[in-house]
Structure formats: structure tokens, C-alpha cells
Amino acid sequence: MANKKLADWIKNEELQGYSDEELEKTLLKRGYAKEEVEKAILYLRQKFHLKALLHIPIYLIIIFFVSLLFLGWAFGEFVNSIILSAILIISVLIMDFFDKKNMDLISWTFLIVLDILFLFVSPLFFIVAIASFILAIGLFFKEKRQVNLYLINMSLLISLFITAMIIFLVYLGIVYGIIPLLPTTSLTYLLLIFLPIIYAIPPLIYFLNKLCLSKLKIN
Amino acid sequence: MIGKRGGIARFFCVWSIIFVIFLIVTILIGSGYVVNFAEKQQKSISETLQSIQDNTKQQKYNHLTKFITSKHNFSDDFQESPLLITDNQVLFDQNIADNIELVYTNCNINTFNCEQVPRNYQLPLQEQFNLKNFQTIVKTKNQENKDILILIPKLSDDALLNILIFSTIPNDLQISQEINGEFYNVFKTVLKKKSPAITSKTEMIKLYLDGFFFQQIKESVLFYTEIGLKLGSLNSALEVAEEEYKYLPNNVNQKVEEYQQTIDFYYQKAQQALQKSKQQSKQEQSQNIQSLFGYGQDNTLVDKSLSKLFSKSDISKAFIELGLELGKLRQSTQENALNQAYQNRNAVESETSKLLRLKILQIHIAKILISSCEDETNRQSCLLNTLNCKSGDDVNNCVLNFIVKINSPSLCEHSRFIDQDQCYLEFSKIDSSFCARIRDDYLKSQCESGALVNGE
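Residues numbered from 1 in each chain as written. Chains lettered and ligands numbered in written order. Predicted model: local features only at pLDDT ≥ 70, side-chain atom pairs only at ≥ 80, totals over all residues. Heavy atoms only, no water.

Caption draft 1: Up close: the overall build of chain B. Counting its secondary structure elements, chain B contains 14 helices and seven strands. The C-alpha radius of gyration computed for chain B amounts to 30 Å, which surpasses the reference 23 Å derived for 456 residues by more than 25%, pointing to a less compact arrangement than a globule. Taken along the three principal axes of its C-alpha coordinates, chain B extends 105 × 75 × 50 Å. Per-residue burial for chain B yields a buried fraction of 43% across its 456 residues. Expressed as a percentage of contacts within chain B between residues at least 6 apart in sequence, the contacts between residues at least 24 apart total 65%. (Helix = DSSP H or I, 4+ residues; strand = E, 2+ residues; numbered from the N terminus. Rg over C-alpha atoms; globule rule 2.2 N^0.38 Å. Buried < 20%, exposed > 50% of the residue type's maximum accessible area, 1.4 Å probe, protein only. Contact = heavy atoms within 4.5 Å.)

This is the structure:
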């Protein structure tokens, strides 16, 4: 278990402009074990708070909700997309509360419950939610657990939904703009037109996720 | 933070490699699927055609058997065993060859005369006769009620085609010859039809991309439907003619005049009904095209866009065309049969042949009229108007009276508005054998005992 008092002290010192390395050296001189100091810093990195989430550019948050509602309408699940929007907003507040109260285990459990909740509301959006969760887990371990899983999950969820909307809009453009100009042909040939869109999906997610996290300082 | 390591260039490089691998795997899986689909498709078409051709040949062999048994006054109740020929053996139901006195062999397919050979029990049947030259063994009883065998010869397709349809109507009647001629044409089309040749795998993929297999499905469905419709129409005509011939009146001329009047009265109405049905089916087809593959039903943006996408594909084109052409085929077959029969109504022929011809035409018109209001919102008033009943009349009685007036029991099973048992009961007043067609056991027994003859 991380020493929460030590973590709070590191957090206050960081706010005054000291780096992790400087603080670690000071604490080692004061007689703290290296392992204890590292655990306290890791604990700090994994903590979530509302202000950190608000570092995601506001226009991306707005586009995310527009995407969620638009895709919901396009797939005939508009009501479900409104319900999911409400659930996401409430989940942010709940997560903030859990972290303030240091209820770490409950906040992890809540994150899993949140993804399962997607399945009950809309199996279609559950696919996006579970994809973002798996990617978030991957990134979490890639970054040696120095990030908050919920934040990464939210950032990827935003990226995936915006990507889905962009891809869908391009698909509509092709279907209504280009396809009518073509002669009747094999479905295979028609699907070939969409290859560039498929190619663009991961770079788009990558770019949007980078944009989401560009201003984010997880302290 | 995240994404700092590696950079966008490395990401694109890795993703491009993954994408190329993904494409190669997709192409390989897709090619496998296409070849598998094409092979199954060709096999299915060949098997269906083979099965229909075998069935057609079997029908012809059955007619030959009936001609032979009829010619020699053998019992109609016969037992058959097909002959399965392997490399060295001829397999058949051995029990069929027991207690036989005479074997009828080397039958002439034109005169139906056969050579009579006593059964030699010193030898097994397959050694006494070279069974490899025969198609079927038929066991029946002769006039002395003794068991005999008929060896039905194996025939070429052309020889089979020349065997007439066995019927109770004399073959010298013109109408009988016309029906046989039409049967000949249909059977010839079936037997001459060739299975598609199996192509190479590369060619299969090329043909798939050109939409060849979907067109092939469409064409084979249209072919079988056309054959089915023609055979249905011919069998129905033959059935009507046989029924009419069975109850041939003494005064044929009077009956001919009566039929001519009914035909003149109802022909225009039947034409109108066909035109109306044609317009309705056109509207229905355009409505059904959207929901052909189950998309376009929910009316969401995704459904609409998928509908738009699929409408440009060859699968969609083939099946939309199939739907439209099936509708047209049904309409045109019915229309052509009606018009052709109407144009030939004044053909120079014997009175009996004319009577049968007019009866067939009359029943054809009656069937069109009875089924003409199926798609109408107000079916009952439409039917009352079509059958010249008064508005407000009971539609069941109207249809029943029409069928009785036309005097064809086969129509009893053609309308959903009438009670079939009641309909057959009406005809049992003329011929008690119709009691057997009544489904309700109590009503059937009452009919057979004669208690209901007077419509009690």
C-alpha cells in the first residue's frame, strides 16, 4: 500500500515546481525507502480528479457528445445515446468523489461496471466502450501504470467516437456522392472504395487521442 | 506523455505493414470463400437439373408402364423395382421375382406389344434376362389374376420424349395431340438443358467479380419456375379434360354451345382481372425491392445508406430483376395460356375435342376469376362484382354457385371463400364418388350412405 501522507506531501511540493527526481532524492536523504517513494509517486499518477479531465480540450468534449448523439440517431438508438451521455457525465462526478475519498478499489470496480452498463443500454456502443477499455489497459501498462486508467479510458472513448463519426460522414459522402455515379458492379469492387477509410481509422484514433491528452497533466 | 515515444512516423509505418497484412489475409480468405461459393453453386445447379431430368424420365417410364398395362388389360395396381447397375452386378428387389409365371419383355414402345417368356426357375432372373438393358421391373397381375413381370426397357432421351402422356382421353383427339405436343416441348427443354461446366479457380473468381453466379442463380430460378408453371398448366388442362371426358354428355353440341356462352360472358372479365393483377403486382414489387435483403425496413440513416450501396451491387441487381421477372413470368404464362386457348376455341375438330377444349378454357377463366380478388382490400365486394353476384349477397354462396354452374369439382380446392366439403357435397349429388373427397368423417359417411343426397 502506498503511503498516502507521503503522496500528499509530494503533490504539494510538485505544485511548488519541484520535479519527481528532486523530490525522490530529498526523500531518500530523509531516510525513506526507495520502494516506498516510488509507490507514493505511482499512487499519485493513478489518482483521478475532475480538474484533470477538464484539461481535455472543450471542443473535443463537445464534438464527442455530438458524435454520440449523431451516431445514436443514425443507428436508430437516439434515446440510448442520450442515456449514455447522462451516464458518462454522472460517472465522472462519481469517480471524482471516489478518488477524493481515496476509495481506490471501488473506483476500479466502478470503471468495469460502467463498461458493462454500456452493454445493457446499447450493445452497439458497448463495442466502442469495450474497445476503448482494452486500448486503455494496453496504454496503462505501456506507460508503466504512471497514468490514471479512467482518464485514459475516457480519452480513448472520446477519440473512438469522434473517429467513428468522421468515418461515418465520409462513408455517407461516398454512398450519396460517388456511388450513384458508378455503374452497377460487384459488391467487392464497391467495398474497395472504402479501403482508404479503413486505413485512416487507427491514425485518426491515434491523432485524436494525442490531441485529447496534449494538455493533460496527471499530477 | 502518451504518444511521445516512437512518434507519428513510426506509427504510420507499423500500421501500414499491419494494413497490408490485413489486406493480404482478407484477399486470401475472400478468394477461398468465392471459390467455395462458386463450387457449391455449380454443384447445386447441376444436382437440381439432374434431379429434375431424372424425375422427368421417370414420369415418361411411368407413362410407358401404364400404356403397357392398359394395352394388355393388366391390373392398375403394380409394384415396381428399379434396377441398379454396378460394374458386374444388377441389384433389384429379389422378392419381386417370386411366384411369377410369365415375363413380358422386349416391349415395343409404339405398339406396347411385348414378348411373353415363361419364367425359368432354374436360373436367377438376372441370368435368364440381360437386365442391364432394362430400367425397371414391374410386377402386376394379368387377366387370369396371375402374377407377371414386365421388364421396362432402358430408352434414349429421344425415345422417351416420344412416349405420349398416358390419359383416359383418346390420343386421336386434336386437343389430346395438342396437350401431348406441349408436354413434349416442355420435357424436351428439360432433357436438353445442360449443366454449367466446372471452371478453373481463377476463372471462378473472375466470374464472381463479374456477377456471373448471381445471374446464374436468377436464370436457373426463372427456368425452373417457367417449367413448373407450364407443367402445372398442362397437368391442370389434362385433369380437366379427363374429368369432362369421364362425364361425356349424350348431346355434345348443346354442351358446346353452353360452354361457348359462358366463355363469351366471362372472358372479358378474366382479361380485366389479369390486367388489374398485373398493375397491383408491379406496385408490390417496387415496394418489396427496398426490403429485399432485410435492409431499408427500419428507415434509419444507416439502413437507407446501406440500401443505396447495395442497390448498386450485382447481387441486388440480380435479385431485383429476379423478383420482377418472376412476377412477369407468372402473369405472362397465365395470360398467354388464356389468350392461346381463346384463339383456338374455333379450331376445326371433332365435337368431343371441341367440348374438352372449351371446358379447359372455361375452367382457366373460372380459376382466374376466383383468384382475381386475392390482393384487393375489399375482397368480398370485388369477388361479388367479378362473379356477377348482387352486392350484399353471401360471398361463399356466390363462389359455390359459380363453381356448381361451371360444373368443375376441381375448383372446390381453388377458393378460400368456400367450404371444400360443402362444395364436394354439391357435386356428390351428380356423382357419389365425390363423397370420398370430403374431409369431415361424419359428413363423408352421411354422404356415402346417401342421407345427404338431397342436400339435407
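Caption draft 2: The interface of chain B and chain A, seen in detail. Contacts between chain B and chain A engage 29 residues on the former and 38 residues on the latter. Between chain B and chain A lies a buried interface of about 3100 Å² when both sides are counted; carbon and sulfur atoms form 73% of it. Applying the counting criterion to the chain B and chain A interface returns zero salt bridges. Seen at the junction of chain B and chain A, the total is eight residue pairs in polar contact (both at pLDDT 80 or more). Going through the elements one at a time, α1 (7–71), α5 (201–209), α8 (301–310) and α9 (314–343) of chain B are the ones with two or more residues in the side of chain B that touches chain A. The leading source of residues in the side of chain B that touches chain A is α1(B), at nine residues. (Buried area = accessible area lost by both parts, 1.4 Å probe. Salt bridge = Lys/Arg side-chain N within 4 Å of Asp/Glu carboxyl O. Polar contact = N/O pair within 3.5 Å; in protein donor to acceptor, adjacent residues only side chain to side chain.)

Caption draft 3: Quick look at empty space enclosed by the protein. On inspection of all chains with the given rule, the structure shows two cavities of 30 Å³ or more. The volume enclosed by the largest cavity comes to roughly 50 Å³. Elements with a minimum of two residues in the lining of the largest cavity: α7 (104–121) and α9 (149–178) of chain A. Computed from the structure, the second largest cavity encloses a volume of approximately 40 Å³. In this structure, the second largest cavity is lined by I165(B), S167(B), N171(B), S176(B), I179(B), N180(B) and L238(B). Here the lining of the second largest cavity takes three residues from helix α4 (residues 174–192) of chain B, the largest share from any one element. Across the lining of the second largest cavity, the residue classes tally to three nonpolar, four polar and no charged. (1 Å grid on protein atoms, 1.4 Å probe; cavity = no way out; pocket = protein on both sides within 12 Å on 5 of 7 lines; lining within 4 Å. Points joined across faces, edges and corners; volume = space filled by probe spheres on them. Nonpolar A, V, L, I, M, F, W, Y, C, P; charged D, E, K, R; others polar.)

Caption draft 4: Molecular detail of the packing of α7(A) against helix α8 (residues 123–142) of chain A. Residue and element names in this part refer to chain A. Remark: α7 packs on α8, axes separated minimally by 6 Å, with the N-to-C direction vectors making an angle of 155°. In terms of axis orientation, α7 runs roughly antiparallel to α8. Of the residues in α8, those in contact with W108, L111, I112, D115, F118, L119 and V121 of α7 are P123, F125, F126, A129, F133 and F140. Residues of the contact of α7 with α8, tallied by class, amount to 12 nonpolar, no polar and one charged. (Axes fitted to C-alpha atoms, helices over the stretch in contact; angles between N-to-C directions. Parallel < 35°, antiparallel > 145°, perpendicular 65-115°, else oblique.)

Caption draft 5: Structural view of the pattern of salt bridges. Residues and elements named next belong to chain B. Applying the stated criterion across every chain, the model contains 12 salt bridges over all chains. The salt bridge partner of E349 is R357, with a shortest N-O separation of 2.6 Å. The class for R357 is buried, based on a relative accessible area of 5%. What you see here is one network of salt bridges that share partners, running through E178, E349 and R357.

Caption draft 6: Structural view of the nonpolar core. Counting residues in each nonpolar core, the largest one holds 71 residues, and the members touching the most others are F64(A), F118(A), I158(A), F161(A) and F168(A). It is α9(A) that provides the largest number of residues to this core, a total of 17 residues. Setting aside its immediate chain neighbours within four residues, I158(A) contacts I56(A), L60(A), I61(A), F64(A) and C212(A). Listed in part, the 67 residues of the second largest apolar core include A241(B), Y259(B), I365(B) and V399(B). (Core = buried A, V, L, I, M, F, W, Y, C linked by side-chain atoms within 4.5 Å.)

Caption draft 7: Region of the structure containing the sheet that holds strand β5 (residues 115–118) of chain B. Residue and element names in this part refer to chain B. Taken in spatial order, the five strands make up an open sheet running β1-β6-β7-β4-β5, and their pairing is mixed. The open sheet has two edge strands with one neighbour each: β1 (79–82) and β5. Neighbour-to-neighbour, the strand axes of this sheet turn through a mean angle of 25°, independent of strand direction. Here strand β6 (residues 134–141) runs beside strand β7 (residues 147–153); their pairing, made up of seven bridges, is antiparallel. Across the sheet, the residue bridging to K141 is D147, located in β7. Contacts between α1 and the sheet are confined to β1, β6 and β7, with β7 contributing the most and set at about 135° to the helix. (Pairing = 2+ DSSP bridges.)

Caption draft 8: Just the pairing of β7(B), in detail. All names here are of chain B. Here β7 lies mainly inside the structure; six of its seven residues are buried. Across three bridges, the pairing between strand β4 (residues 102–105) and β7 is parallel. Directly across from Y104, in β7, lies its bridge partner I150. Between β6 and β7, which follow one another and run antiparallel, lie five residues, and N145 among them has a positive phi close to 65°.

Caption draft 9: Inspection of the packing of α4(B) against helix α10 (residues 351–370) of chain B at higher detail. All names here are of chain B. Here α4 crosses α10 at 50°, and the two axes come no closer than 7 Å. When the axes of α4 and α10 are compared, the pair comes out oblique. Within the contact between the two elements, α4 uses Q174, I175, E178 and I179 and α10 uses S353, L356, R357 and I360. Of the residues in the contact of α4 with α10, the class split is four nonpolar, two polar and two charged.

Caption draft 10: Region of interest: the layout of surface pockets. In this structure, the second largest pocket spans a volume of roughly 690 Å³. Elements with a minimum of two residues in the lining of the second largest pocket: α10 (187–192) and α11 (195–213) of chain A together with α1 and α5 of chain B. In terms of residue count, the dominant contributor to the lining of the second largest pocket is α1(B) (eight residues). Per-class residue counts for the lining of the second largest pocket are 17 nonpolar, four polar and no charged.

Caption draft 11: Structural context of the domain arrangement of chain A. All names here are of chain A. Its domain assignment divides chain A into domain 1 (1–46) and domain 2 (48–213). If you average the C-alpha positions of domain 1 and of domain 2, the two centres end up 34 Å apart. Listed as interface residues are six residues of domain 1 and, on the opposing side, nine residues of domain 2. Partitioning the side of domain 1 that touches domain 2 into residue classes produces three nonpolar, one polar and two charged. (Domains from an automatic or database assignment.)

Caption draft 12: Geometry of the state of the cysteines. Residues and elements named next belong to chain B. Scanning all chains against the criterion turns up four disulfides over all chains. Linked covalently through their sulfurs, C435 and C447 form a disulfide whose S-S length is 1.9 Å. On the sign convention where negative is left-handed, the bridge of C435 and C447, at about -65° about the S-S bond, is left-handed. Here C435 is found in the loop between α13 (420–428) and α14 (441–449), whereas its partner C447 is found in helix α14, with 12 residues between them in sequence. When sorted by exposure, C435 lands in the same class as C447, which is buried. (Disulfide = S-S within 2.5 Å.)

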